[in-house]
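Analysis of the macromolecular model
Below are the chains, spelled out letter by letter.
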Amino acid sequence: MAKSEAFARIKDQVLRIVAAIPESKITTYQSIGEHLAVMPRHVAYILSQLDDNTKLDVPWYRVVSADGSLGATKRDPNGDTQAQLLQREGIDVVGHAVAPPLEAVVLPAAALPHGIPRQVRGR
């Protein structure tokens, strides 16, 4: 089933934002969603559907829930969990969440160098 042009555009924007997250930093589904004027769950869906090649190219694991929680079952093509990938970059993870204080490692999507202006969509 083909996705719409709007979905393709939003997916491209999500991937550009995620690609701009520097090593040892994270952002949230909520922050990306607010920047693109889409629901955070749409951002999560896009990232959950990435194929293995894209997972190797885009640091999908640097995006977490607003409370710092991780996807417990998310893995890269090599079998490493999201927690393992973040820990490898020096981000503390306790259980299935980034250790507080989140402010030490979270960057808002608007502060990342992706070149995508804040979106406004009609309601």
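Everything that follows concerns the structure shown earlier in this document.
Read on for a plain summary of the structure. Throughout this document, residue positions are counted from 1 along each chain, in the order its sequence is written. For this predicted model, a pLDDT threshold of at least 70 governs which residues receive local features, and a threshold of 80 or more governs which side-chain atom pairs are given and counted, while totals over whole chains, interfaces and linings are taken from all residues. Side-chain numbers come from the whole structure's heavy atoms, not from hydrogens or water.

A few words on the packing of helix α1 (residues 5-19) against helix α2 (residues 29-36). The axes are straight lines fitted to the C-alpha atoms, using for helices just the contacting stretch, and the angles between their N-to-C directions are given from 0 to 180°. Helix and strand definitions here come from DSSP, where helices need a minimum of 4 consecutive H or I residues and strands a minimum of 2 consecutive E residues; each element is numbered from the N-terminal end. Contact geometry of α1 with α2 gives a least axis separation of 11 Å together with a crossing angle of 130 degrees. Comparing the axis directions of α1 and α2 gives the class oblique. The interaxial crossing formed by α1 with α2 has right-handed handedness. In this structure, α1 contributes I10, Q13, V14, I17 and V18 to the contact, and α2 contributes I32, H35 and L36. For this classification, the nonpolar set comprises Ala, Val, Leu, Ile, Met, Phe, Trp, Tyr, Cys and Pro, the charged set comprises Asp, Glu, Lys and Arg, and every other residue, Gly included, is treated as polar. Tallied by class, residues from the contact of α1 with α2 come to six nonpolar, two polar and no charged. Angle categories: roughly parallel below 35 degrees, roughly antiparallel above 145, roughly perpendicular from 65 to 115, and oblique for all the rest. Crossing handedness is read from the near helix: turned anticlockwise from the far helix by less than a right angle, it gives a left-handed crossing, and turned clockwise, a right-handed one. Contact definition: two residues touch when any of their heavy atoms are within 4.5 Å.

Salt bridge, as applied in this entry: a Lys or Arg side-chain nitrogen positioned within 4 Å of an Asp or Glu carboxyl oxygen. Counted by the stated rule, this structure contains two salt bridges. E89 serves as the salt-bridge partner of R62, at 2.6 Å between the closest nitrogen and oxygen. One end of the pair, R62, is in the loop between α4 (52-57) and β2 (63-64); the other, E89, is in the loop between α5 (82-88) and β3 (93-94), and 27 residues separate them in sequence. Of the residues examined, R62 reaches a relative accessible area of 8% and is grouped as buried. For the salt bridge of R88 with D80, the shortest nitrogen-to-oxygen distance reads 3.2 Å. Since its relative accessible area comes to 55%, R88 is described here as exposed. Only protein chains enter the area calculation, which uses a 1.4 Å probe; residues under 20% of their type maximum are buried, those over 50% are exposed, and those in between are partly exposed.

Turning our eyes to something else, we now look at the nonpolar core. Inside soluble globular proteins, nonpolar side chains tend to come together where they are buried. Ranked by size, the top nonpolar core spans 33 residues in total, and within it V14, V18, I32, L47, L86 and V98 carry the most contacts. Elements represented by at least two residues in this core include exactly α1, α2, α3 (40-48), β2 and α5. Ranked by residue count, the leading element in this core is α1, at five residues. Not counting residues within four places of it along the chain, the set of residues in contact with L47 comprises V14, L15, V18, Y29, W60 and V63. Residues belong to one nonpolar core when they are buried, are Ala, Val, Leu, Ile, Met, Phe, Trp, Tyr or Cys, and are joined through side-chain atoms within 4.5 Å.

Here the aromatic set is Phe, Tyr and Trp, taking the six-membered ring for Trp, and pairing holds for ring centres within 6.5 Å; pairs whose planes are under 30 degrees apart are stacked, those over 60 apart are edge-to-face, and all others are tilted. Enumeration over the complete set of coordinates arrives at two aromatic pairs. When the ring of F7 is compared with that of Y45, the centres are 6.4 Å apart and the planes differ by 65 degrees; the resulting orientation is edge-to-face. Placement of F7 in helix α1 and of Y45 in helix α3 is noted, with a sequence separation of 38 residues between them. Take Y45: its relative accessible area is 37%, and that puts it in the partly exposed class. Seen in terms of ring centroids, W60 and Y61 are 5.7 Å apart; in terms of plane orientation they differ by 90 degrees. Their pairing is edge-to-face. Y61 shares its class with W60; the two are buried. Across from the ring centre of W60, 5.3 Å away, lies the NZ or CZ of K55, which sits over that ring. Counted as over-ring charges are cases with an Arg CZ or a Lys NZ within 6 Å of the ring centre that also lie within 35 degrees of the ring normal.

For a helix, the expected span equals 1.5 Å multiplied by the number of residues minus one. Its 15 residues place the ends of α1 21 Å apart at the C-alpha level, agreeing with the 21 Å of an ideal helix rising 1.5 Å per residue. Turning to α1, its buried residues number three or more, namely I10, Q13, V14, L15, I17 and V18. Here the buried face of α1 lies against α2, α3, α4 and β2.

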